[in-house]
Structures are given as structure tokens and as C-alpha cells.
Amino acid sequence: MAQQAPILIVGAGQAGAMAAAELRKLGHADRIVMVGGERHAPYERPPLSKAVLADAGQRGQIGVHPASFYAEREIDLRLGTTVTAIDPARSVAACTDGSEIHFGACLLATGGSARALKALPPGTPDVHYLRTLDDADALREAMQRADEILVIGGGFLGLETASTAVDLGLKVTVLESADTLLGRAAPAELGDWLAQRIRARGVDLRLGCQIAAIEPQSQGVRVQLADGTAWQVPVLVVAIGLTPNSGLAAGAGLALHPGNGGIRIDERGRTSAPNIYAAGDCASQFHPLFGTEMRLESWQSANEQARIAATSMLGLEAAPAATPWFWTDQFGCNVQMLGAAHAGIRYAWRERPPGDAASPKFMLLGTLDGRLRHAIAVNAGGDLRQLRALFGLPVEEHLARLCDAALPLRQLVREVQADATGRTASLTTL
Ligand SMILES: Cc1cc2nc3c(=O)[nH]c(=O)nc-3n(C[C@H](O)[C@H](O)[C@H](O)COP(=O)(O)OP(=O)(O)OC[C@H]3O[C@@H](n4cnc5c(N)ncnc54)[C@H](O)[C@@H]3O)c2cc1C
């Protein structure tokens, strides 16, 4: 009997590995082929700028699944192999090892690549980009030999790297062209608070600065600002964002978002080509909470989109995605976010400790049109979990109480939820 064409997963990262697991969990017994460009089995990337960057001993702890998982579930994992082209009309993928894979359905889980500065292509000596385990190994080894690093980029990745470097005892400089930190993902309230904290930990943080020149030297790199300030550093880290790996999809004629460059998918993970799905950092999707299409770069979003795409591939109905959730660990703080930043959101504090507090604990609640759209918790992940119940609900008239840290949140959330859902229900019956 002819074998059914396999499900092909392109990309052996977070989304790819989670999709393969979901397919097996849902009872898919036919072949699954997962092709991954890296030589490592799927691993979690969040520790690459945190525990794994500090300590090589953590490398063995980061598999998305245990090493035996793929063989046990008969997932044909082909590592160190890249898919170079997909022909949607013939349902065929071509690989760098010369093979062609005829697929029944295909998931593009190709992630993204660190955005590079033109003057400093990847491979430039003493310049580091951080996306892969190999990148993290190279940066750790470089930091072990150095006493100083300079980080370009004040986003999550740059700041986590700076934080790890501070913990390792290095002198750290961070250059950010915007006037606040985390500008794309968080409000100025958080960025300004964090800037104060980072400076209190000894980091030379320069905001609103324009780099005039970057010149690799025989040893290290020279960086000069437009105001003439210059550094000669042994290690330079460039953390200026991500470019989605959507070239394969573009070559196959799939629709991409003109703004964020991601592969457009619908609520079931389907791309514009039949039987081709996408998930993770490479995918662009409409988010009803914000009424707009976005490309979320987060561990949770990769997992959720993978689950939904895998379910849809089997012709089943998936539960909708959970509210977007993101975390970062830096400078002694665990920062968690529910929802996402969006133009027009107004923020209110629930407690407001100074940036140099030893163990700060607070939240910022963001509302748009009176509804809770974004919540940020610093060392208060438990409180954030409580707030999940209020997402998207009208909370404006309860905001002052929700921001009063003297009031116990659990009870308050119950009351507000009952009131808000009651009012929403009575409005819909009018
Ligand atoms: C250093 C770092 C720290 C992070 N920290 C956090 C955090 O604290 N919290 C959080 O929520 N998120 C964090 N993230 C983000 C999170 O890890 C990503 O959102 C997640 O890994 C996305 O998963 P993915 O499967 O879409 O992409 P990836 O995990 O990048 O996997 C994509 C894989 O596809 C492969 N590939 C690409 N093209 C091809 C091809 N043509 N053929 C074969 N293989 C291909 C790539 O080589 C890669 O291995 C962090 C990311 C990094 C890099």
C-alpha cells in the first residue's frame, strides 16, 4: 500500500518541536518529517541570554523535548539541513542535502534571524549577534576573555545580555538610539524605571544616542557617537531586532505582511497556499484583542500558534490562542507581560518603587477604551495571573482600586469580573 505523504515541518525550533508533539498527541500516526538548519535538536532560546550565557553547564538543560523524544515518537528529524525551495503546486520541498520531500501538509516554523548592521556582517571578529546556541557559546567564551562589553540596542535581548554581563563582573555600556528603553514593547513608565535601575547597577546607559562610526580593529571594535564620545571594546554585541525568516515563503509565492515581513496566517495558522501553514516568529496574524495584524516574537506565541496549526492540519478545531504572554529576566527582576503594547494605551501604576529598590514589586495596568489590554508585572507574576480574568473587560471605573496595592487582588478581581461581565451581558441583550 502506498504510504501517505508526510507532514513536513520546516524549522526545528520552538514552534516546530511543539507542533510535532501536538500532532502525535492528537493521534496523528502517519509520518512527520522535521527539517532543521541547525545541528542541534530543538532547544529553548530564552536561556541563551540568561543561564546559558552565564554558564556552559546549563547547555544540556534546554531541549524543548528530551533527546529521546523524536525517535520514540517516530519523528524523522533531519538536522543540519535547510529547505531551499517549496513548490506549493506540487507539494514538494527541496533540501540542501539534495533530497526532495513530497508532503501532504507543510508547517513553516522558520523563526527569524538577528538583524545585522550593514557594516558588521555576521562573522566580523569580536562582533556578536545572539540568536542560536552556537552564538551564545561564542559570546560566553568571548566574555570570559574580556573585562568589558558594549551592547548596541536597549531592547529585551540587549538588556538581558547586559544584565548577564554585569552579573559576570564585566564593565557594560549600552547604547540605544531611542529616548527610552524597550520602546516598542513597553510604555515609557517601565522604560524610565528600568533605566534608573540599570544605571544604579553600574551600567553606562546612553539613550537617544546616534552612532557615527563603528570600526573593527585588529583587536576589538571602536564605536563612536555623533557627539564624539568613543569606546574601544574587546566585545561588541549587536541586539537591534529580528528579521523574520520568510524568504522561503516569499519564493513560494505566499502572502507576506508588507509592514512586518511575516508570513500571513489566518486564525487557524493557514497561509495563503493550500496545505501550507506557518507558526512562530516568522508568522504574522490578526489579533482580535488589538484589532490589528502583528508578528509576536515570544516563546508563548510560538507554542500557541504551533498548537493551533497542528490541530488545523489534522482538520480539527483548535481552542483559540490564550492572551499573549511574555517574560524577561534582567537586573534582578522577573518582568512578565500579558497582552501587548499598542498605540493609545494609558498606563497606571500598582505600587511604584524606586529603580534602585533591592526587591521591587509592582504592576502597570494598561487600558484602551476603558478595557484592560496590557498588564506588566515586575516580580509579581502571581498577581499577573489573577488579572488574566479581566483581559478585554471594561475596568475603567475599578482602575483606582485595582491600582491600590493595599487591597488584595484576588477578591478584587472576582468583584470586578462579576461586575464587568454582568454589564457586558446586559449591554448585549439591549
Ligand atoms: C536569546 C533569546 C532570548 C529570548 N528570551 C525570551 C524570553 O525571555 N521570553 C520569551 O517569551 N521569548 C524569548 N525569546 C524568543 C523566543 O525564543 C522565540 O520567540 C521562539 O524561539 C520562536 O520560536 P520559532 O520556532 O518561531 O523560531 P526558532 O526557535 O528560531 O526556530 C526556527 C528554526 O528554524 C530553522 N530554519 C529557518 N529556516 C529554515 C529552513 N529553510 N530550513 C530548515 N530550517 C530552517 C532555524 O535555523 C531555527 O532553528 C528569546 C529569543 C532569543 C534568541
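Keep in mind the model is a prediction, meaning the values are calculated, not measured. (Residues numbered from 1 in each chain as written. Predicted model: local features only at pLDDT ≥ 70, side-chain atom pairs only at ≥ 80, totals over all residues. Heavy atoms only, no water.)

## Observations regarding the overall build of the protein chain
- A count of helices and strands for the protein chain gives eleven helices and 26 strands.
- At 23 Å, the protein chain has a C-alpha radius of gyration in line with the 22 Å of a compact globule built from 430 residues.
- In terms of its C-alpha atoms, the protein chain occupies a principal-axis envelope of roughly 75 × 70 × 40 Å.
- The buried share of the protein chain, taken over its 430 residues, is 52%.
- Here the analysis covers contacts within the protein chain between residues at least 6 apart in sequence; of these, 59% occur between residues at least 24 apart. (Helix = DSSP H or I, 4+ residues; strand = E, 2+ residues; numbered from the N terminus. Rg over C-alpha atoms; globule rule 2.2 N^0.38 Å. Buried < 20%, exposed > 50% of the residue type's maximum accessible area, 1.4 Å probe, protein only. Contact = heavy atoms within 4.5 Å.)

## Digging into helix H1 (residues 14-25)
- The first and last C-alpha atoms of H1 sit 16 Å apart over twelve residues, in line with the 16 Å expected at 1.5 Å per residue.
- The buried count for H1 comes to ten of twelve residues, which makes it a mostly enclosed element.
- Among all positions of H1, only Gln14, Ala15, Gly16, Ala17, Ala19, Ala20, Ala21, Glu22, Leu23 and Arg24 are buried.
- Considering only its buried residues, H1 is in contact with strand E1 (7-10), strand E2 (32-36), helix H3 (69-72), strand E3 (75-79), strand E7 (105-108) and helix H8 (299-313).
- Just downstream of H1 lies glycine 27, where phi reads positive at about 95°. (Expected span 1.5 Å × (residues − 1).)

## Regarding the UniProt feature "domain: Reductase C-terminal" (unreviewed entry) in the protein chain
- Within this structure's numbering, the places UniProt gives as "domain: Reductase C-terminal" (unreviewed entry) are residues 325-413.
- Annotated as residues 325-413, this span is 18% helix and 37% strand, and its ends, taken at the C-alpha atoms, are 19 Å apart. (UniProt positions renumbered as here; feature names shortened; annotations may be inferred.)

## Some details on the site of the ligand
- Near the ligand you find 35 residues, and of these Ala15, Glu38, Arg45, Lys50 and Arg131 are the closest.
- Between alanine 109 and the ligand, the recorded distance is 3.5 Å, taken from a backbone N or O atom to an oxygen atom.
- With the chains in place, 92% of the 1000 Å² that the ligand exposes on its own is no longer accessible.
- Residues that form the shell around the ligand fall into these classes: 15 nonpolar, 13 polar and seven charged.
- Per-domain counts for the shell around the ligand show at least three residues from each of domain 1 (7-113 + 243-313) and domain 2 (116-238). (Near = heavy atom within 4 Å. Polar contact = N/O pair within 3.5 Å; in protein donor to acceptor, adjacent residues only side chain to side chain. Areas by Shrake-Rupley, 256 points an atom, 1.4 Å probe, with all protein chains shown as cover. Nonpolar A, V, L, I, M, F, W, Y, C, P; charged D, E, K, R; others polar. Domains from an automatic or database assignment.)

## Side note on the domain arrangement of the protein chain
- Examined at the domain level, the protein chain breaks down into domain 1 (7-113 + 243-313), domain 2 (116-238) and domain 3 (332-428).
- Centre-to-centre separation of domain 2 and domain 3, based on C-alpha positions: 32 Å.
- At the junction of the two partners, domain 2 supplies twelve residues and domain 3 supplies 19 residues.
- Summed over both sides, the interface between domain 2 and domain 3 buries roughly 1200 Å², with carbon and sulfur atoms accounting for 67% of that surface.
- Linking domain 2 with domain 3 are zero salt bridges, by the criterion used here.
- Applying the counting rule to domain 2 against domain 3 returns three residue pairs in polar contact (both at pLDDT 80 or more).
- Per-element tally for the side of domain 2 that touches domain 3: the top contributor is helix H6 (residues 188-200), with six residues. (Buried area = accessible area lost by both parts, 1.4 Å probe. Salt bridge = Lys/Arg side-chain N within 4 Å of Asp/Glu carboxyl O.)

## A short note on the packing of aromatic side chains
- On inspection of all chains with the given rule, the structure shows six aromatic pairs.
- Taking 4.7 Å as the distance between ring centres and 70° as the angle between the ring planes, the aromatic pair formed by tryptophan 193 and phenylalanine 362 counts as edge-to-face. With tryptophan 193 in helix H6 and phenylalanine 362 in strand E25 (residues 362-368), this pair connects stretches of sequence that are 169 residues apart.
- Taken together through their ring pairs, the aromatic side chains of Trp193, Trp349 and Phe362 make up a single cluster. (Phe/Tyr/Trp six-rings, centres within 6.5 Å; stacked < 30°, edge-to-face > 60°.)

## Quick word on the pairing of strand E16 (residues 235-238)
- Residues Val235 and Val237 point to one face of E16 and Leu236 and Val238 to the other, with burial holding for every one of them.
- The sheet contact formed by strand E9 (residues 127-128) and E16 spans two bridges and is parallel. Opposite valine 127, over in E16, you have leucine 236 as the bridge partner.
- As defined by bridge partners, strand E10 (residues 148-152) adjoins E16 across four bridges and the pair is classed as parallel. Note that in E16 the partner of leucine 150 across the bridge is leucine 236. (Pairing = 2+ DSSP bridges.)

## Observations regarding the nonpolar core
- Grouped together as the largest cluster of nonpolar side chains are 46 residues, with contacts concentrated most on Ile149, Val172 and Leu190.
- In contact with isoleucine 149, other than residues within four places in its own chain, are Met143, Ala165, Leu170, Lys171, Val172, Thr173, Val235 and Val237.
- Core analysis: the next-biggest nonpolar cluster, separate from the first, contains 25 residues, Tyr70, Tyr277, Ala306 and Ala309 among them. (Core = buried A, V, L, I, M, F, W, Y, C linked by side-chain atoms within 4.5 Å.)

## Let's talk about the sheet that holds strand E15 (residues 230-233)
- Taking strand neighbours across the sheet as the criterion, the three strands line up as E13-E14-E15 in an open arrangement whose pairing is antiparallel. Where the open sheet ends on each side, the last strands, each with one partner, are strand E13 (211-216) and E15. Each strand of the sheet is rotated relative to its neighbour by a mean of 10°, with strand direction disregarded.
- Direction of pairing for E13 relative to strand E14 (residues 221-225): antiparallel, over a ladder of five bridges. Following the sheet pairing, isoleucine 214 is matched in E14 by valine 223. (Axes fitted to C-alpha atoms, helices over the stretch in contact; angles between N-to-C directions.)

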